[in-house]
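Descriptive analysis of the structure
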Amino acid sequence: MRYTSVFKETIKKEAQQKIADHKTMGPAKTDVLSPDGYLLKHSKESKLPEKKPFKYPDDEKRRPPVPTRMDYPVMGIQTKKNFLHSNAAETIMAVPKMPQPIFVDTKKGDKHPLETSGLVPKYLKKKDYGKVPNYLVQKNEEIKQAQEEYDAYIKERLRQGAMKQLSDAEREDMLQGLKKNWEELHHEYQGLSVVIDTLPKKFHKEKLELEMKQLEKDIDLIERHKIIYIANN
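These numbers were taken from a predicted model, which means no experiment stands behind them. (Residues numbered from 1 in each chain as written. Predicted model: local features only at pLDDT ≥ 70, side-chain atom pairs only at ≥ 80, totals over all residues. Heavy atoms only, no water.)

Remarks on the side chain of S86
- Relative to the helices and strands, S86 is located in helix α2 (residues 83-93).
- Residue class for S86 comes out buried when judged on its relative accessible area of 16%.
- Separated by 3.0 Å, the side chain of S86 and the backbone oxygen of F83 make a polar contact. (Helix = DSSP H or I, 4+ residues; strand = E, 2+ residues; numbered from the N terminus. Buried < 20%, exposed > 50% of the residue type's maximum accessible area, 1.4 Å probe, protein only. Polar contact = N/O pair within 3.5 Å; in protein donor to acceptor, adjacent residues only side chain to side chain.)

Following this line, the structure appears as structure tokens:
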């Protein structure tokens, strides 16, 4: 048997009912306009706001307009002020202007302000002139504190017997020995052949150069430091 929905008749009635409402021009319940209410020309166009006089934002700050040729000035106003005497009195009582310091740097007479040129010793008049800056004071304190900590560490190691200080004689003997070794290597280096055409000659020359550089570093280290500590092995 073929399946038939139980809602078939209901759907048909609803479809016919909706179609029947639109058989005429437009929905059946739409109100028809009266003959007097016909569509006028430009009636559906948007209306612009009412025209207002234009005014600049800074209109209040503007100067008054230039008077026209028909605006006559006020006539007949006179004053009893003696401008000759008043100007002379103001000139006599006025404080003279100090000339601005300048300097000329070319033969053509080009002038420049002297204050900002760097030629005026302005820093001599500062309150902190000649004083050590705060950052240098702080840096010196840090260096001093580090040196004190290092001295305390050295004293503790000497007390424990872990190291000892070289005497002046031992330091001088070590320095002379290093210099003697450098002279021997230098003498051997001067005796090398001018032409280095084999690998053994090249390696021997590089070896001598490295040994001489290391001896130069050791000699410089000992000469720069008067106090030398060595570990007790």
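Quick notes on the nonpolar core
- Counting residues in each nonpolar core, the largest one holds ten residues, listed as L166, L175, L178, L185, L208, M212, L215, I219, I222 and I228.
- Looking at this core, the elements with two or more residues in it are α4 (168-190) and α5 (199-224).
- Residue contributions to this core peak at five residues, all from α5.
- In this structure I222 touches R171, M174, L175, L178 and I228, once residues within four positions along its chain are discounted. (Core = buried A, V, L, I, M, F, W, Y, C linked by side-chain atoms within 4.5 Å. Contact = heavy atoms within 4.5 Å.)

Quick word on the pattern of salt bridges
- Counted by the stated rule, this structure contains four salt bridges.
- Among the ionic pairs, K201 bridges to D197, the shortest N-O distance being 3.5 Å.
- With relative accessibility at 54%, the residue D197 sits in the exposed group.
- D220 is paired through a salt bridge with R224; the nearest N and O atoms lie 2.9 Å apart. Highlighted residues: D220 and R224, both in helix α5, separated by four residues, approximately one helical turn. (Salt bridge = Lys/Arg side-chain N within 4 Å of Asp/Glu carboxyl O.)

Overview of the packing of aromatic side chains
- In this structure the tally under the stated criterion is one aromatic pair.
- Taken together, a centroid distance of 4.9 Å and an interplanar angle of 80° make the contact between F54 and Y56 edge-to-face.
- Across the ring face of Y56, the terminal group of R62 is positioned such that the distance to the ring centre comes to 4.2 Å. (Phe/Tyr/Trp six-rings, centres within 6.5 Å; stacked < 30°, edge-to-face > 60°. Lys NZ or Arg CZ within 6 Å of the ring centre and 35° of its normal.)

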